[in-house]
Amino acid sequence: MNNDLSSLRVRDIGEQGLLERLQRFCPPDIIGDDAAVLETLPNQSLIVTTDMLVDGVHFSDVTTSPEDAGWRAAAANLSDLAAMGATPMGITVGLGLPGDVTVNWVERLYQGMTECLSKYHVPIVGGDIVRSPIITLAITAFGQANPNFIIRRSTAQVGDAIVITGIHGASRAGLELLLNPEIGYNLKTASKAALITAHQRPKPRLDVLPILKEILTSPCPLPPAPCLFPISGMDSSDGLVDAVLQICRASQVGAVIESSKIPLPSAFEEWLTPEKSLEYVLYGGEDFELVLCLPPEPALALVQKLGTSAAIIGTITPGSNVILHQEKAEIPDQVLSLSQGFQHFAQ
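Position numbers for residues start from 1 in each chain and track the written sequence from start to end. Confidence filtering applies because this is a predicted model: local features only for residues at pLDDT of at least 70, side-chain atom pairs given and counted only at 80 or more, and all residues used for totals across whole chains, interfaces and linings. Hydrogens and water are ignored here; the side-chain numbers use all heavy atoms of the structure.

Going by an unreviewed UniProt entry, the protein carries the name Thiamine-monophosphate kinase and comes from Aphanizomenon flos-aquae FACHB-1040. UniProt positions are given in the numbering used here, feature names are shortened, and annotations may be inferred rather than shown by experiment. Per UniProt, the protein carries the Pathway (unreviewed entry) text "Cofactor biosynthesis; thiamine diphosphate biosynthesis; thiamine diphosphate from thiamine phosphate: step 1/1." Listed in UniProt under the heading Catalytic activity (unreviewed entry), the comment for the protein reads: "thiamine phosphate + ATP = thiamine diphosphate + ADP".

So, in structure tokens, the structure goes:
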């Protein structure tokens, strides 16, 4: 067996040897049985989500270190919980590995996961490891939510404002800079670093949930109090347009998106054409912001509390079409569809 830890291979230590090493990243009082036991609170709903990442599709050694791949994998799952209004409890990790992957690479992957998870006090509570010709990472995340505050895609109402919790397009721009460093020659160093960080280390918007709950439970001018209304939403991991379209399809409504109301990363002005900027913002994906639909007054209160990166970008309308409206009279309104963004298995 090779004693050089940086070149030690998974096949050198086998499944049990790797599991023994990876158990160091998990709470010792939770792992060790056939399943994890997670205590939940009374009157809480258990929320479960699974996300899969495949080498060459979701990450690569060209653009993503093992630590960043681990961070992004954890962030993607926490973002799904945030999009449901759920507080995370723990995750399990399913890992498919070729035998010649170094143990060091796997441990660095787990280090990135724990760096992200630790910010939200979320443990890794178990998982599975199998041999695979391609590195594959499947995470299942568990969260809990008050049944009265679960966010669903299917409850958007005509007249609701469409809120985004932060900037879109930065992750796509960061990916392009990593793939083609020469295209950012005119970017300031700080701007370039910020865009790359947006791609490699996205932040799930769990911070939005307590603000939402505060707004949802604020006293009503007339009884009964508090004001409870359905809030619809999802995260924008597959793109801003995709999120709005998915919400509208589930809620059987339409929408108008005002392109002039969508905030742009400041770096775009010194680098991209207006057309390319809009493409990245609408279809870039992997920004992991929340797209939420709620009545105009609480929507405005939410945006004010979140700050300048959040915005009301449109309105839920009758019908089924999602329209992109641009202020310039010479640019016609555009009907948006899922085929314009990224879809797995699309031709």
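Let us now look at the overall build of the protein. Check the secondary structure of the protein and you find 9 helices and 11 strands. Compactness check: the protein gives a C-alpha radius of gyration of 21 Å against a globular reference of 20 Å for 347 residues, within 12% of the reference. For the protein, the spread of C-alpha atoms along the three principal axes comes to 70 × 55 × 35 Å. Every one of the 347 residues in the protein was classed for burial, and the buried ones make up 51%. By definition, any uninterrupted DSSP run of H or I lasting at least four residues is a helix, any uninterrupted run of E lasting at least two residues is a strand, and each is numbered from the N terminus. Only the C-alpha atoms count toward the radius of gyration. The rule for a globule is 2.2 Å times the residue count to the power 0.38. Buried, partly exposed and exposed residues are distinguished by accessible area as a fraction of the type maximum, computed with a 1.4 Å probe on protein chains only: under 20%, between the cut-offs, and over 50%, respectively.

Moving on, we come to the sheet that holds strand E2 (residues 87-97). Strand order in this open sheet of 4 strands is E1-E4-E2-E3, and the pairing throughout is mixed. Two strands bound the open sheet, and with one partner strand each, they are strand E1 (45-54) and strand E3 (124-131). Taking the axes of each pair of neighbouring strands and ignoring which way they run, one obtains an average angle of 15 degrees across the sheet. If DSSP finds at least two bridges between two strands, the strands pair. Of the pairings in the sheet, the one linking E1 to strand E4 (residues 136-145) comprises 10 bridges and is antiparallel in character. Directly across from Leu46, in E4, lies its bridge partner Gln144. Contacts are assigned to residue pairs with any non-hydrogen atoms lying within 4.5 Å of each other. The angle between two axes is taken between their N-to-C directions and runs from 0 to 180 degrees, where each axis is a line fitted to C-alpha atoms and a helix contributes only its stretch in contact. On the sheet, helix H3 (residues 103-118) packs against E2, E3 and E4 and is oriented at approximately 165 degrees with respect to E2.

Read from one edge to the other, the open sheet built from 7 strands follows the order E6-E8-E5-E9-E7-E10-E11, with strand pairing classed as mixed. Two strands bound the open sheet, and with one partner strand each, they are strand E6 (232-235) and strand E11 (334-335). Looking at chain direction, strand E5 (residues 161-164) and strand E9 (residues 311-317) are connected through 4 bridges and run antiparallel. Its bridge partner lying in E9, Ile162 is registered against Gly314. Sheet strands in contact with helix H7 (residues 240-251) are E5, E6, strand E7 (254-258), strand E8 (290-294), E9 and strand E10 (322-325), and its direction is about 145 degrees off that of E6.

Tracing the backbone shows Leu209 in helix H6 (residues 208-216). Linking Leu209 and Leu81, residues 128 residues apart in sequence, is a C-alpha distance of 10 Å. Leu209 has contacts with Ala82, Gly85 and Ala86, leaving out every residue within four places of it along the chain.

The next point concerns the UniProt feature "binding site: ATP" (unreviewed entry) in the protein. As annotated in UniProt, the feature "binding site: ATP" (unreviewed entry) corresponds to Tyr110, Gly127, Asp128, Arg153 and Ser237 in the numbering used here. Taken along the chain, the residues just named run across 128 residues; in space they spread out, the farthest C-alpha pair reaching 31.6 Å. On the basis of relative accessible area, Asp128 is assigned to the partly exposed category, the value being 42%. The residues touching Asp128, leaving out its near neighbours within four places in the chain, are Val93, Gly94 and Leu95. On the basis of relative accessible area, Ser237 is assigned to the buried category, the value being 19%. What Ser237 contacts, discounting residues up to four positions off in sequence, is Gly285, Glu286 and Phe288. Polar contacts, as counted here, are pairs of nitrogen or oxygen atoms within 3.5 Å of one another; within protein the pair requires one atom able to donate a hydrogen and one able to accept it, and residues that are adjacent in sequence qualify only if both atoms are side-chain atoms. Here Asp235 takes part through its side chain, which lies 3.1 Å from a polar atom of the side chain of Ser237.

Before going further, it helps to spend a moment on the packing of helix H1 (residues 10-22) against H3. Closest axis-to-axis distance for the H1/H3 pair is 11 Å, and the angle between their directions is 25 degrees. Taken as axis vectors, H1 and H3 run roughly parallel relative to one another. As for how H1 packs across H3, the hand of that crossing is right-handed. Of the residues in H3, those touching H1 at Val10, Ile13, Leu18, Arg21 and Leu22 are Val103, Val106, Glu107 and Tyr110. Any angle that falls under 35 degrees is termed roughly parallel, while one over 145 is termed roughly antiparallel, one within 65 to 115 roughly perpendicular, and all others oblique. Crossing handedness is read from the near helix: turned anticlockwise from the far helix by less than a right angle, it gives a left-handed crossing, and turned clockwise, a right-handed one.

Attention now moves to the nonpolar core. Nine residue types can take part in a nonpolar core, namely buried Ala, Val, Leu, Ile, Met, Phe, Trp, Tyr and Cys, and a core is a set of them joined through side-chain atoms within 4.5 Å. If you look at the biggest cluster of nonpolar residues, it comprises 61 residues, and the most contacted ones within it are Leu18, Leu97, Val106, Tyr110, Ile124, Leu292 and Leu302. Counting residues per element, this core draws most heavily on helix H2 (residues 66-83), which supplies 9 residues. Those residues in contact with Val106 that lie beyond four places of it in its chain are Val10, Leu18, Leu22, Leu95, Leu97 and Val101. One finds Ala173, Leu195, Leu245 and Leu282 within the second-largest nonpolar core, a separate group that totals 39 residues.

The rule is short: rings of Phe, Tyr and Trp, with Trp giving its six-membered ring, pair when the centres are within 6.5 Å, and they are stacked under 30 degrees, edge-to-face over 60, tilted in between. Summed over the entire model, instances satisfying the criterion amount to 3 aromatic pairs. On the numbers, 6.4 Å between centres and 65 degrees between planes, the contact of Phe268 with Trp271 is edge-to-face. Owing to a relative accessible area of 14%, Trp271 belongs among the buried residues under this scheme.

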